[in-house]
Amino acid sequence: LETNYFLKKDGIYYDVNSRGKFYDVLKDKEKELKKYLKDNNINYGDNPASAMTALANYYDTLTN
């Protein structure tokens, strides 16, 4: 069973089925997002959905 992930940014949905694609969509804050993962001991590979949720929420705090 394959899980597909999508990220909505500026009204557009992006297919983010890999860490690289996720960072490509949010590349303007990629450095900050990677630091956030490290500082909060979040392992993307263990639970991608949880990591993407945390990163998307953090991205919102950086941009709003």
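Keep in mind that what you see is a predicted model, and the values were worked out from it rather than measured.

Trainee: Explain the nonpolar core here, please?
Mentor: Nonpolar side chains in soluble globular proteins generally cluster together in the buried interior. In terms of nonpolar packing, the biggest core is built from 14 residues, with Leu 7, Val 16, Phe 22, Tyr 23, Leu 26, Leu 33 and Leu 55 touching the most fellow members. At the level of elements, helix H1 (19-25), helix H2 (30-39) and helix H3 (48-63) are the ones that each hand at least two residues to this core. For this core, the element with the highest residue contribution is H3, accounting for 5 residues. Setting aside its immediate chain neighbours within four residues, Leu 55 contacts Phe 22, Tyr 23, Leu 33, Tyr 36 and Leu 37.

Trainee: Mind showing me how you'd approach H3 here?
Mentor: Working note: α-helix, 3.6 residues per turn, so residues spaced by three or four point in the same direction. Over its 16 residues, H3 extends 22 Å from the first C-alpha to the last, a length consistent with the 22 Å expected when each residue adds 1.5 Å. Those residues of H3 lying buried are Ala 51, Met 52, Ala 54, Leu 55, Ala 56 and Tyr 59. Buried residues along H3 sit against strand S1 (6-9), H1 and H2.

Trainee: Would you take a moment to explain the pattern of salt bridges for this structure?
Mentor: Side-chain pairing between opposite charges can occur once the charged atoms of the two side chains come close. Throughout the structure, instances matching the rule amount to 3 salt bridges. For Lys 9, the salt bridge goes to Asp 28, with nearest N and O atoms at 3.7 Å. Note that Lys 9 is positioned in strand S1 and Asp 28 in the loop between H1 and H2, a separation of 19 residues in sequence. Residue Lys 9 is classed as buried on the basis of its relative accessible area, which comes to 18%. By relative accessible area, which is 45% here, Asp 28 ends up partly exposed. Lys 34 serves as the salt-bridge partner of Glu 30, at 2.9 Å between the closest nitrogen and oxygen. A residue pair is termed a helical-turn pair when its members lie 3 or 4 positions apart in one helix, as Glu 30 and Lys 34 do in helix H2 at 4 residues.

Trainee: Can you help me understand unusual backbone geometry in this one?
Mentor: Leaving glycine out, the prevailing phi sign among residues is negative, and the prevailing peptide bond configuration is trans. Here Asp 10, not a glycine, exhibits a phi torsion of approximately 55 degrees, which is positive. Relative accessible area serves as the criterion here: at 71%, Asp 10 is assigned to the exposed category.

Conventions we followed
- Residues numbered from 1 in each chain as written.
- Predicted model: local features only at pLDDT ≥ 70, side-chain atom pairs only at ≥ 80, totals over all residues.
- Heavy atoms only, no water.
- Core = buried A, V, L, I, M, F, W, Y, C linked by side-chain atoms within 4.5 Å.
- Buried < 20%, exposed > 50% of the residue type's maximum accessible area, 1.4 Å probe, protein only.
- Helix = DSSP H or I, 4+ residues; strand = E, 2+ residues; numbered from the N terminus.
- Contact = heavy atoms within 4.5 Å.
- Expected span 1.5 Å × (residues − 1).
- Salt bridge = Lys/Arg side-chain N within 4 Å of Asp/Glu carboxyl O.

Nothing here speaks to function; it is all geometry.
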